[in-house]
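Analysis of the macromolecular model
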Amino acid sequence: MDDGWPDRPGDTALTIRIPEANPLVRADFPAHVTVLYPFLDASRLTPSTDRALTSLFAAAAPFTLKFTEFGRYPGVLYLPPDPEQPLRALTRALTDRWPEAAPYRGIFTPPLAPHLTLANHEGPDTYEAAYDALEQELAPRLPLVSHVDTVHLIVTDGPGTGWRDLKTYGLGTDRHRAL
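We now turn to the structure provided with this report. Everything numeric in this text was worked out from a predicted model, so none of it was measured.

1. Describing the environment of E69
With respect to the helices and strands, E69 occurs in the loop between β3 (63-67) and β4 (71-73). Relative accessible area serves as the criterion here: at 48%, E69 is assigned to the partly exposed category. Each C-alpha atom of the pair E69 and P124 lies 22 Å from the other, and the pair is 55 residues apart in sequence. Each residue touching E69, except ones within four places of it in the same chain, is listed here: Y78, L79, P80 and L142.

2. What to know about the sheet that holds strand β8 (residues 150-156)
Pairing is antiparallel in the open sheet, where four strands are placed in the order β2-β1-β8-β9. Both edges of this open sheet fall to β2 (32-36) and β9 (163-170), since each of them pairs with a single strand only. For this sheet, the mean angle separating the axes of adjacent strands, direction not counted, is 35 degrees. Sheet topology places strand β1 (residues 12-17) next to β2; four bridges connect them, and they run antiparallel. Counterpart to R17 in the pairing with β2 is H32. Docked against the sheet, helix α1 (residues 47-58) engages β1, β8 and β9, running at close to 55 degrees with respect to β9.

Definitions and cut-offs
- Residues numbered from 1 in each chain as written.
- Predicted model: local features only at pLDDT ≥ 70, side-chain atom pairs only at ≥ 80, totals over all residues.
- Heavy atoms only, no water.
- Helix = DSSP H or I, 4+ residues; strand = E, 2+ residues; numbered from the N terminus.
- Buried < 20%, exposed > 50% of the residue type's maximum accessible area, 1.4 Å probe, protein only.
- Contact = heavy atoms within 4.5 Å.
- Pairing = 2+ DSSP bridges.
- Axes fitted to C-alpha atoms, helices over the stretch in contact; angles between N-to-C directions.

As far as function goes, none of this settles anything; it's purely spatial.
Have a look at this one:
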């Protein structure tokens, strides 16, 4: 039975990198907040899709995120961004345009809140104690502040292959619509 995981070859995602948080991440990926995963299969990306993404992101103003506290999902330690609204607005704009791109394949109801994953490697019997210790270690490094002016379109070839950049889109590059 397919429960929606793991990543599939050709999966794409739209993410925001948070380089200030890279030293805190204890996972096999750079610090980021997901705007939409999965997006469209790579085989569906066309020049028209690129133009639509360019326009959508150009119309959204850059913003600043602050990370001040920890949050947890079962087995996951994360930082919730403040404010969430610009991230939710981008996700909503994308899913309005591409309704078939359900966040996290529609597995979570309601969809997961925007978050920056710090660690996701502990199992159900160990994550509470392990993440208590990790929070103690990382707390002195908070708050983190990150200015966001780009969104990355990334793709994977499947489980264990990692993700690679396809394109970076600028926020607020359409000055007439971003004001």
